[in-house]
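# Inside the fold
Chain by chain, the residues run as shown.
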Amino acid sequence: MAESSPSPKKPSKTRRQSMDEPPSMPSSSGPLTEELQCSICLDVFTDPVTTPCGHNFCKICLNKCWDDSQTCSCPYCKETFKQRPDLKINTSLREVADHYKKKSPEKTTEVLCDICEERKLKALKSCLVCQSSYCETHLERHLRVAGLKKHKLMDPVSNLEDYICQKHERPLELFCRDDQTIVCLCCTDGDHKNHNTVSLEETQLMIQDTQQMIQDRIKKIQDIKHSAEVRKRSTKREKAARVELFTDLIRSIERCQTELLETMEEQQKAAENQEQELIEELEQEITELKMRNTQLEQLSRTEDLIPIYSSLCSPRNSRNWPEISVDTHESLETLKTALTQLKETIELKWMQHYAVDVTLDPDTAHPKLILSDDGKQVRHGDIRQKLPDKPERFDTYISVLGKEGFSSGRFYFEVQVKGKTDWDLGVARESIDRKGDIPLTPSNGYWTVVLRNGDEYKACAGPSVSLSLRVKPQRVGVFVDYEEGLVSFYDVESRSHIYSFTAQSFTGKLYPYFSPYFNDGGKNSGPLIITAVD
């Protein structure tokens, strides 16, 4: 039923003109729809599979492509997969592709417009109702005239009769799920009555939905595998780090054990030497006393030698032997001190394993504090800067917090305090009151150790606890175990314990807390420096 068209207006080119238009019927050499064409072999799918990125290929084509390559990537979008995906055949897509293959001729020529009279142009669409194919010019009326808009258009084919129901001479526009075949509307009143049928458009949408579901599930599998791989690598690194840590600890213990044994051996030899010297001295005195006693016995019979007798009887310059002893107490105290230092060294090494990168938060800094550009140093600047009075900013205490807070697990950081006469260090709860003079106590959300007047160390436990330290710390380590309610302070260089808050109850985030304290006319002008953990 051919129609001519007077000077038609050029329509815009689209792959499908409306939802009423059925999917294109592909052939092995003719036009193919995107959903049914393998981009590798450019033919109708054979055993189609879907990649994790959502593109479809023939299973054989994709496997050959991957077999010939060192990496597995999508031939279409080039996305690379870490592991070769386990490909499953898309059964819904295969059924539709196989059905279209049965309907398609093995060979076809270029489809030409049935309306062109002299030089026939290439057809753009075929109409199932008109049983004709149209070039772009002659297709214009089907896109403009209301009655023709309802006709079923498809990609041009030369075998239009294959898309018409041979029994009812109506367009094949439905898919019978029960018989897995394409039927016309009249078939649903006959052989396919009460069968489960859907439009080809719905079938195509179902295919797309199924493909999307497959893609989503493949992506989920890839995500799970990726998470498992990340966790595996993380666990491997953690195990390696712990093995290295405990290896270092074992070496430290062995080294300390060797040093202790050598010290004990040296102390034992020194004690033995001392004992031998005392014994020899006692034996010498005994010999001398025996000789004197013999002489005294001889002189006791002679009256003329009384002066000599008096001389012999005078006491010799001898030790007070009852008070002489070999002291082993000092050795035991040395051993106890060494063991304590070893224990504290091991504890510090373990805590340093949880080191975090701490940077100062300028939004919390008191206006008189000066922070370095890298956020690792803070000092008192005397002059009050004009800064926004934010709720998080300290307005009375010369203090600043770290940027990152912690609400679980363990963390550790180190601060250089060298050359300072006053400082505060520790952690603070996020909800602390930062306005006004609030005591630094655990009940107010602070867990700190402070230095005052150059040599007065205190733990602000409410009431304060005075601390007696063997040496003046140059670098202080702060360790927190959130779940255990523990905040510990260590002298890093001497590897000795300073103080610990134990059995605390933490809520919300904890932030590193710093105060370089007042400048004090330049006596305390040095900065607090957050240092990297060795």
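Residues numbered from 1 in each chain as written. Predicted model: local features only at pLDDT ≥ 70, side-chain atom pairs only at ≥ 80, totals over all residues. Heavy atoms only, no water.

## Notes on the overall build of the protein chain
In terms of helices and strands, the protein chain carries seven helices and 23 strands. Taken across its 534 residues, the protein chain has 39% of its residues classed as buried. Excluding contacts between residues fewer than 6 apart, the proportion of contacts in the protein chain whose partners are at least 24 apart in sequence is 60%. Looking at the protein chain as shown, the accessible area adds up to about 31,100 Å², and 50% of this sits on carbon and sulfur atoms. (Helix = DSSP H or I, 4+ residues; strand = E, 2+ residues; numbered from the N terminus. Buried < 20%, exposed > 50% of the residue type's maximum accessible area, 1.4 Å probe, protein only. Contact = heavy atoms within 4.5 Å. Areas by Shrake-Rupley, 256 points an atom, 1.4 Å probe, with all protein chains shown as cover.)

## Some thoughts on the packing of aromatic side chains
Applying the stated criterion across every chain, the model contains 14 aromatic pairs. Relative to Tyr354, the ring of Trp350 has its centre 5.4 Å away and its plane inclined at 75°; by these criteria the two rings are edge-to-face. Accessibility expressed as a relative area gives 14% for Tyr354, which makes it buried. Within the aromatic cluster, the residues linked to one another by ring pairs are Trp350, Tyr354 and Phe479. Arg434 extends its terminal NZ or CZ atom over the ring of Phe394, reaching a point 6.0 Å from the ring centre. The ring centre of Tyr517 lies 3.9 Å from the NZ or CZ of Arg452, which sits over that ring. (Phe/Tyr/Trp six-rings, centres within 6.5 Å; stacked < 30°, edge-to-face > 60°. Lys NZ or Arg CZ within 6 Å of the ring centre and 35° of its normal.)

## Notes on the sheet that holds strand β19 (residues 475-481)
Here we have seven strands laid out as an open sheet, ordered β11-β12-β23-β14-β19-β20-β21, and antiparallel in their pairing. A single partner strand is all that each edge strand has here, and the edge strands are β11 (369-371) and β21 (496-501). Put simply, the sheet's adjacent strands are angled 20° from each other on average, direction ignored. Bridge count for strand β14 (residues 410-416) against strand β23 (residues 528-531) is three bridges, and the pairing is antiparallel. From the neighbouring strand, Glu414 faces β23, where its bridge partner is Thr531. (Pairing = 2+ DSSP bridges. Axes fitted to C-alpha atoms, helices over the stretch in contact; angles between N-to-C directions.)

## Describing a negative patch on the surface
On the surface, a cluster of negative charge is contributed by Glu259, Glu262, Glu265, Glu266, Glu272 and Glu275. With respect to the helices and strands, Glu259 occurs in helix α5 (residues 200-299). Glu259 gets classed as partly exposed once you look at its relative accessible area, which sits at 42%. (Patch = residues over 30% accessible without salt bridge, like charges linked within 9 Å, V, L, I, M, F, W, Y side chains within 5 Å. Salt bridge = Lys/Arg side-chain N within 4 Å of Asp/Glu carboxyl O. Lys, Arg positive; Asp, Glu negative; His and termini not counted. Charge placed at Lys NZ, Arg CZ, Asp CG, Glu CD.)

## What about the side chain of Ser399?
Tracing the backbone shows Ser399 in the loop between β12 (377-380) and β13 (400-401). Apart from residues no more than four positions distant in its own chain, Ser399 is found in contact with Thr364, Ala365, His366, Leu369, Phe394, Tyr513, Phe514 and Ser515.

## Focus on the sheet that holds strand β16 (residues 446-452)
Pairing in this open sheet of six strands is antiparallel, and the strands run β13-β22-β15-β16-β17-β18 from one edge to the other. Where the open sheet ends on each side, the last strands, each with one partner, are β13 and β18 (465-467). Two elements, strand β15 (residues 423-429) and strand β22 (residues 510-515), share six bridges in a ladder whose sense is antiparallel. Across the sheet, residue Gly426 finds its bridge partner in β22, namely Tyr513.

## Here's the deal with the nonpolar core
The biggest cluster of nonpolar side chains holds 35 residues, and the ones touching the most others in it are Trp423, Val487 and Phe514. Listed in part, the 30 residues of the second largest apolar core include Cys38, Cys58, Trp66 and Ala97. (Core = buried A, V, L, I, M, F, W, Y, C linked by side-chain atoms within 4.5 Å.)

## Side note on the pattern of salt bridges
Scanning all chains against the criterion turns up 15 salt bridges. The closest approach of N and O atoms between Arg84 and Asp67, which form a salt bridge, is 3.1 Å. One end of the pair, Arg84, is in the loop between β4 (80-81) and α2 (91-103); the other, Asp67, is in helix α1 (residues 59-67), and 17 residues separate them in sequence. With a closest N to O distance of 3.5 Å, Lys167 and Asp191 form a salt bridge. Residue Lys167 is located in the loop between β7 (153-154) and β8 (174-176), and its partner Asp191 is located in the loop between β9 (181-183) and β10 (197-199); the two are separated by 24 residues in the primary sequence.

## A look at the confidence of the model for the protein chain
Put simply, the protein chain has an average pLDDT of 82, and 84% of its residues get 70 or more. Predicted confidence for residues 1-32 stays below pLDDT 50, and this span has 86 contacts to residues more than four positions away or in other chains. (pLDDT = per-residue confidence, 0-100.)

## A short note on the environment of Asp455
Assignment of secondary structure puts Asp455 in the loop between β16 and β17 (456-459). Distance from Asp455 to Lys472, taken between C-alpha atoms, is 7.6 Å for residues 17 residues apart in sequence.

## Thoughts on the state of the cysteines
Under the defined criterion, the tally for this structure stands at zero disulfides. Cys74 provides the cysteine sulfur closest to Cys53, a residue in no disulfide bond, and the two sulfurs are 3.5 Å apart. For the unlinked cysteine Cys186, the closest cysteine sulfur is that of Cys184, found at 4.8 Å. (Disulfide = S-S within 2.5 Å.)

## A word on the pairing of β14
Extensive coverage of β14 is indicated by the burial of five of its seven residues. Where β14 meets β19, seven bridges bridge the pair, whose relative direction is antiparallel. Opposite Tyr412, over in β19, you have Phe479 as the bridge partner.

## Focus: unusual backbone geometry
The linkage connecting Gly462 with the following residue, Pro463, adopts the cis geometry, with an omega of 5°. With respect to the element layout, Pro463 can be found in the loop between β17 and β18. The phi angle at Gln131 is positive, at roughly 55°, despite the residue not being glycine. Tracing the chain through its elements places Gln131 in the loop between β5 (125-127) and β6 (132-134).

## A short note on α1
Taken together, the buried positions of α1 are Cys61, Leu62 and Trp66. Down the axis of α1, the sector holding all buried residues measures 125°, keeping them to one side. Pointing more than 90 degrees away from the buried face of α1 are the exposed residues Ile60, Lys64 and Asp67. Contact partners of the buried residues in α1: β1 (48-50), β2 (56-58), β3 (72-73) and β4. (Arc of directions from axis to C-beta.)

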